[in-house]
Amino acid sequence: MPGFLLAWQSPSDAPAGVTANNEYVGAWISESVDKGRPVTQILIVSDTYFTTASFLTKDHHFLSTSGGTYKMEGDKMTVTIEFHSPDHYQVGKQHVLHAKPTETGYKLVARDGMVLGDWKRIDAGNKSQLAGLWYAAAYRNEAGDTIRTDYKVKTVKILSDTRFQWIAFDAISRKFVATAGGTYSVTQTGYVESLEFYANADDRIGKSLGFRYKLEGNNWTHTGKSSQGMPLYELWSKK
């Protein structure tokens, strides 16, 4: 299975009491080949959370995604999986990686020596007001009523300075539901997402979606139309 999927056995030497290392915050890219097909992997890291997504380089067909929380101690990265599209039994497992510097970025190396990507930095994740991890808190239905999100299905969105990914997963069954991601840009009032991959919906790849947005403290609201052309109102909260 291509990508940074953290599918090995949990080690027993995970460090405790560790704080995040801003040296790793931002967006990263790794390129590889799987079964003769070039694959692109995107890693987005906030101060406490990470997501990865893999897709075919040629047509951007989605392959897999995983992510969760992490802590750093030196070059040791301890991750706890919160979602994992190929194998939901990975959810809740903890793994230890080592970040090894290279001339262009970092290699992530598992305890058994397996290299999980040679990562090159895209951006540093420290310029955009939207950079960080957001949780879907509410949406507006067709009748115009504002509804709190169903916490059975948890939706998170992570942004660096230039890239985004949102992921929905079932917090009870631990199964992956949906994801999409790509690049974004902002103006004083406008927010535009350009879709680079979309799970089970290749026809949406390449679309750009524009929204009106407002930031108030740790709350971010945006309104516009979804990738299916439906009216959209969402409230996201940063934690």
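For the structure, check the block above.
In this report, we go over the structure that sits alongside the text.

Turning next to empty space enclosed by the protein. One pass over the structure, following the stated rule, counts 1 cavity of 30 Å³ or more. As for the largest cavity, its lining consists of Tyr24, Trp28, Leu43, Val45, Met77, Ala99, Tyr106, Leu108 and Trp119. Going through the elements one at a time, β2 (37-45) and β7 (105-110) are the ones with two or more residues in the lining of the largest cavity. In terms of residue class, the lining of the largest cavity is built from 9 nonpolar, no polar and no charged.

Our focus in this paragraph is the packing of aromatic side chains. Scanning the model with the defined rule gives 12 aromatic pairs in all. Considering the side-chain rings of Tyr191 and Trp220, the 5.2 Å spacing of their centres and the 85° angle between planes classify their relative orientation as edge-to-face. Within this pair, whereas Tyr191 is found in strand β14 (residues 190-198), its partner Trp220 is found in strand β16 (residues 219-225), the two being separated by 29 residues in sequence. Classification of Tyr191 by relative accessible area gives buried; the value is 0%. A relative accessible area of 0% means that Trp220 is categorised as buried. Aromatic pair Trp220 and Trp236: ring centres 6.5 Å apart, planes at 35°, arrangement tilted. Here Trp220, found in strand β16, pairs with Trp236, found in strand β17 (residues 231-238); they are 16 residues apart in sequence, far enough to count as distant. Trp236 shares its class with Trp220; the two are buried. Lying over the aromatic face of Tyr198, Arg204 brings its terminal NZ or CZ to 4.7 Å of the ring centre.

Right, let's get into the pairing of strand β12 (residues 163-170). Burial analysis of β12 places 8 of its 8 residues in the buried class, the great majority of the element. Residues of β12 alternate between two faces, with Arg163, Gln165, Ile167 and Phe169 on one and Phe164, Trp166, Ala168 and Asp170 on the opposite face, all of them buried. Connecting strand β11 (residues 153-159) to the antiparallel partner β12 that follows it, the hairpin turn spans 3 residues. Relative to strand β13 (residues 176-186), β12 is paired through 7 bridges, and the arrangement is antiparallel. Across the sheet, the residue bridging to Arg163 is Thr183, located in β13. Between β12 and β13, which pair antiparallel one after the other, the connecting turn spans 5 residues, and Arg174 there sits at a positive phi close to 70°.

What counts, and at which threshold
Residues numbered from 1 in each chain as written. Predicted model: local features only at pLDDT ≥ 70, side-chain atom pairs only at ≥ 80, totals over all residues. Heavy atoms only, no water. 1 Å grid on protein atoms, 1.4 Å probe; cavity = no way out; pocket = protein on both sides within 12 Å on 5 of 7 lines; lining within 4 Å. Points joined across faces, edges and corners; volume = space filled by probe spheres on them. Helix = DSSP H or I, 4+ residues; strand = E, 2+ residues; numbered from the N terminus. Nonpolar A, V, L, I, M, F, W, Y, C, P; charged D, E, K, R; others polar. Phe/Tyr/Trp six-rings, centres within 6.5 Å; stacked < 30°, edge-to-face > 60°. Buried < 20%, exposed > 50% of the residue type's maximum accessible area, 1.4 Å probe, protein only. Lys NZ or Arg CZ within 6 Å of the ring centre and 35° of its normal. Pairing = 2+ DSSP bridges.

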